[in-house]
Amino acid sequence: IMGLLSMMEGSAPPQQAIQNDDAAKQAAQTEKQSNKVDYDVVYRDVKQRVHSSVIENFNTSGVTSVDPEAMKKFLLEEISNDKYGVPRGDREPLAQEMYNDILGYGPIQELVDSDDYSEIMVNGPNQIYVEHKGKLKLTDIKFRDEEHLMNTIDRIVSAVGRHIDEASPMVDARLPDGSRVNVIIPPLSLVGAVLTIRKFGKKPITAKQLVEWGSLSPKMLNFLEACVKGKLNIIVSGGTGSGKTTLLNVLSSYIPSDERIVTIEDSAEVQLHQDHVVTLESRPANIEGKGAITIRDLVVNALRMRPDRIIVGEVRSKETLDMLQAMNTGHDGSLTTTHANSPRDAVSRLETMVMMGGVELPSKAIRDQIASAIDLIVQQSRLRDGTRKVVSVTEVTGMEGNVVQMQDIFKYEHTGETGVDGKFIGDFVATGIIPNALEKIRENGVAVNNDWFTN
């Protein structure tokens, strides 16, 4: 509140006020953590006795499933029993902690519930990191031991019908809120069980927010909106955690609501609000190594579903050729993402991934397919200051000899200087080049403003 008042009164520069506000929040959080009771130590015996009482109660009641509200009520009533001697102030927090251990995500429940963290990384029972505003921070939260961590992991993966043990030591899963979960356990991990949760906000990030946060400029956004509506084939390229899926969500929101959209992903992350959306998700092999349905299988099947648009969450293997074929055979306006550090790297990766499919095509034929299929590559990066930005919007213009030709339409240029908040100082600039694809965009009835391409 004080930070907000000082901003309103002009007594401090806006950025300084924000810093003061953040510092106050951090100090309050630190104080809260220092005053936090370690219930595992103080009430270990009580927790064991209450846990036994829970098991006995629900076993004798004959219920086949546990109602969360009934569990919360029972725990609070049991802990409030005078025989345990738990002070009134500790009863509710202790009941909540026990509920998290029994039906929730244990010590990391508060991290999962908080909107402040975009990623949670558990490296064994004693080391838990979070990503906050693009930066990694070590928390003071710990699991009791390896068994405590594995119980939490089992609860997460079993809820989505998956299984993890030494025979199947890696799992990709999804929480009910759509957050993506990856687990790898010993003997593959030498630091104990490793749990990584990539969270997705309860409310999808909007285009307006991306502009407010400085991820791209209004002119770039207007151009990308015209490209989606004008049915250009777009690849969002970037590194891990650079914001590719977030940008893909925003671009997908521009697809007209009267088109049939088929989304294909390993874990459903694309959030669309159009009426006519078909969501497909790949399936891993079962314990016997059978029954796998790959992204490639789904892309091939999607072509038989009469889609207007195909959105592939990420191309990373043999499905790349099928995706390029779809883009080249009447499914204009398709969108996908790929891991690459630059638009040129993205083209090289696409070529490599086509070869991974075992198709014996000469390199020039593959590059011809890429140049013909892809209209635009949007390069997303997470910079060292923790911010995520669209660092270039690049048009693929065709082939010249054996080389795929590209030209930058927009790019981000930073001065190398850092502001008082530690963020890089820079600008999004138009290169002045008028894209060749404007003709295709206008043919699809979408208006284009040439002022977008001037500074």
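The text that follows walks through the structure, step by step, so that each part is easy to find. (Residues numbered from 1 in each chain as written. Predicted model: local features only at pLDDT ≥ 70, side-chain atom pairs only at ≥ 80, totals over all residues. Heavy atoms only, no water.)

Side note on the layout of surface pockets
One number sums up the size of the second largest pocket: a volume of about 400 Å³. Lining the second largest pocket we find 14 residues, and of these His51, Asp101, Arg144, His148 and Asn151 sit closest to its centre. Of all the secondary structure elements, the ones that give two or more residues to the lining of the second largest pocket are helix H4 (44–61), helix H6 (88–103) and helix H8 (146–158). Along the lines of polarity and charge, the residues of the lining of the second largest pocket split into two nonpolar, four polar and eight charged. (1 Å grid on protein atoms, 1.4 Å probe; cavity = no way out; pocket = protein on both sides within 12 Å on 5 of 7 lines; lining within 4 Å. Points joined across faces, edges and corners; volume = space filled by probe spheres on them. Helix = DSSP H or I, 4+ residues; strand = E, 2+ residues; numbered from the N terminus. Nonpolar A, V, L, I, M, F, W, Y, C, P; charged D, E, K, R; others polar.)

Examining the sheet that holds strand E12 (residues 376–382)
Spatial strand order, E9-E8-E10-E11-E7-E12-E13-E14-E15: nine strands in an open sheet with mixed pairing. Each edge of the open sheet carries a strand with a single partner, namely strand E9 (277–281) and strand E15 (424–430). On average, each strand axis in the sheet is tilted by 25 degrees relative to the strand beside it, whichever way the strands run. Note that strand E8 (residues 261–265) and strand E10 (residues 309–312) share four bridges and pair parallel. (Pairing = 2+ DSSP bridges. Axes fitted to C-alpha atoms, helices over the stretch in contact; angles between N-to-C directions.)

Digging into the nonpolar core
Grouped together as the largest cluster of nonpolar side chains are 38 residues, with contacts concentrated most on Phe223, Ile234, Val393 and Ile441. Mapped onto this core, the elements with two or more residues apiece are helix H9 (207–212), helix H10 (218–229), strand E7 (234–238), helix H11 (244–252), E12, strand E13 (388–400), strand E14 (403–418) and helix H16 (438–443). The element best represented in this core is H10, accounting for seven residues. Setting aside residues no more than four positions away along its own chain, valine 393 makes contact with Met220, Phe223, Leu224, Leu376, Ile377, Val378, Gln407, Asp408, Ile409 and Phe410. Judged by nonpolar contacts, the second largest core, of 32 residues, contains Val262, Met327, Val354 and Val404. (Core = buried A, V, L, I, M, F, W, Y, C linked by side-chain atoms within 4.5 Å. Buried < 20%, exposed > 50% of the residue type's maximum accessible area, 1.4 Å probe, protein only. Contact = heavy atoms within 4.5 Å.)

A closer look at the sheet that holds strand E3 (residues 135–138)
In space, the six strands of this open sheet follow the order E3-E2-E1-E6-E5-E4, with antiparallel pairing throughout. A strand with exactly one partner marks an edge of an open sheet, and here the two such strands are E3 and strand E4 (170–174). For this sheet, the mean angle separating the axes of adjacent strands, direction not counted, is 15 degrees. By the bridge criterion, five bridges tie E4 to strand E5 (residues 180–184) in an arrangement that is antiparallel. Across the sheet, methionine 170 pairs through a bridge with isoleucine 184, a residue of E5. Here H8 sits on the sheet in contact with strand E1 (119–123), E4, E5 and strand E6 (194–198), set at roughly 130 degrees to E5.

Regarding the packing of aromatic side chains
Under the counting rule described, the total for this entry stands at five aromatic pairs. Centroid distance phenylalanine 223 to phenylalanine 410: 5.9 Å. Interplanar angle 50 degrees. Geometry classified as tilted. Taken together, the residues span a long stretch of sequence, with phenylalanine 223 in helix H10 and phenylalanine 410 in strand E14 at a distance of 187 residues. Phenylalanine 410 gets classed as buried once you look at its relative accessible area, which sits at 2%. Summarising the aromatic geometry, the rings of tyrosine 412 and phenylalanine 428 are spaced 5.0 Å apart at their centres and angled 50 degrees between planes, so their arrangement reads as tilted. Of this pair, tyrosine 412 sits in strand E14 while phenylalanine 428 sits in strand E15; the two residues are 16 residues apart in sequence, bridging distant segments of the chain. Among the aromatic residues, those joined into a ring-pair cluster are Phe223, Phe410, Trp452 and Phe453. (Phe/Tyr/Trp six-rings, centres within 6.5 Å; stacked < 30°, edge-to-face > 60°.)

Focus on the pairing of strand E11 (residues 335–339)
Of all five residues making up E11, four are buried, and the element is well covered by its neighbours. The pairing of E7 with E11 spans five bridges and is classified as parallel. Within E11, the position partnered with isoleucine 235 by the bridge is threonine 336. In terms of strand pairing, E10 meets E11 through two bridges, oriented parallel. Residue pairing in the sheet places isoleucine 311 in a bridge with leucine 335 of E11. As for the winding sense of the linkage, the β-α-β connection from E10 through helix H13 (residues 319–328) to E11 is right-handed. (Right-handed = clockwise from strand over helix to strand, strands pointing away.)

Overview of the side chain of lysine 244
Structurally, lysine 244 can be placed in helix H11. For lysine 244, which is buried and forms no salt bridge, the nearest opposite charge comes from glutamate 314, at a distance of 5.6 Å. At a separation of 3.0 Å, a polar atom in the side chain of lysine 244 contacts the main-chain carbonyl oxygen of glycine 239. Once you skip the residues sitting within four places of it in the chain, lysine 244 turns out to touch Val236, Ser237, Gly238, Gly239, Thr337, Thr338, His339 and Gln380. (Lys, Arg positive; Asp, Glu negative; His and termini not counted. Salt bridge = Lys/Arg side-chain N within 4 Å of Asp/Glu carboxyl O. Polar contact = N/O pair within 3.5 Å; in protein donor to acceptor, adjacent residues only side chain to side chain.)

Quick look at the side chain of aspartate 322
You can see aspartate 322 is positioned in helix H13. In this structure aspartate 322 comes out as buried when scored by relative accessible area, which is 13%. One polar contact links aspartate 322 to arginine 296, side chain to side chain, over a distance of 2.6 Å. With residues near it in sequence (within four places) discarded, aspartate 322 still touches Arg296, Val299 and Val300.

This is a description of form; function is not addressed.
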